[in-house]
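Each chain, written out:
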Amino acid sequence: MEIKIGVQSVHRELVVETDLTVEEIETEIRNALAADRGVFSITDVKGNRVIVPVAALGFIEIGEGASRSVGFGGTL
């Protein structure tokens, strides 16, 4: 599952690929938002952990990771 995280005052979004389901991700987001001075944390497929303070979150987009084709794909 691919997650895009927008952080306030940062021009680029964070893109994280994780093995969690949509329901598990939503649960993590709800728990982070419910906590006073909470943080949203997620572990990617490589075992790296991304931690963002809830106060700095701009948006979180959850979607399937798009398969990227390799090559030039000459469609005329």
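Throughout what follows, the structure given in this document is the object of discussion.

1. Observations concerning the overall build of the protein
Each helix and strand in the protein was counted, giving 1 helix and 5 strands. Secondary structure elements of the protein occur, N-terminal to C-terminal, as β-β-α-β-β-β. Taking all 76 residues of the protein together, the buried fraction comes to 26%. Sequence-distant contacts, at least 24 apart, represent 50% of the contacts inside the protein between residues at least 6 apart. Total accessible area on the protein stands at roughly 5900 Å², and carbon and sulfur atoms take up 51% of it.

2. Description of the pattern of salt bridges
Scanning the entire structure with this criterion turns up 2 salt bridges. Residue Glu13 pairs with Lys4 through a salt bridge whose shortest N-O separation is 4.0 Å. Of the charged contacts in the structure, one is a salt bridge between Arg30 and Glu26, with a shortest N-O distance of 3.8 Å. One end of the pair, Arg30, and the other, Glu26, are both in helix α1 (residues 22–34), 4 residues apart, so they sit about a helical turn from each other. For Arg30, a relative accessible area of 56% gives the class exposed. With a relative accessible area of 33%, Glu26 lands in the partly exposed category.

3. Digging into the nonpolar core
Among the nonpolar cores identified, the biggest contains 14 residues, and Ile5, Ile25, Phe40 and Ile42 are the most heavily contacted of them. Counting residues per element, the ones that place at least two in this core are β1 (2–7), α1 and β3 (39–43).

4. Some details on the pairing of β3
The pairing of β3 with strand β4 (residues 49–53) spans 5 bridges and is antiparallel. When the bridges of β4 are listed, Phe40 appears paired with Val52. Hairpin connection of β3 to β4: 5 residues between the antiparallel strands, including Gly47 at a positive phi of 95 degrees.

Parameters and conventions
- Residues numbered from 1 in each chain as written.
- Predicted model: local features only at pLDDT ≥ 70, side-chain atom pairs only at ≥ 80, totals over all residues.
- Heavy atoms only, no water.
- Helix = DSSP H or I, 4+ residues; strand = E, 2+ residues; numbered from the N terminus.
- Buried < 20%, exposed > 50% of the residue type's maximum accessible area, 1.4 Å probe, protein only.
- Contact = heavy atoms within 4.5 Å.
- Areas by Shrake-Rupley, 256 points an atom, 1.4 Å probe, with all protein chains shown as cover.
- Salt bridge = Lys/Arg side-chain N within 4 Å of Asp/Glu carboxyl O.
- Core = buried A, V, L, I, M, F, W, Y, C linked by side-chain atoms within 4.5 Å.
- Pairing = 2+ DSSP bridges.

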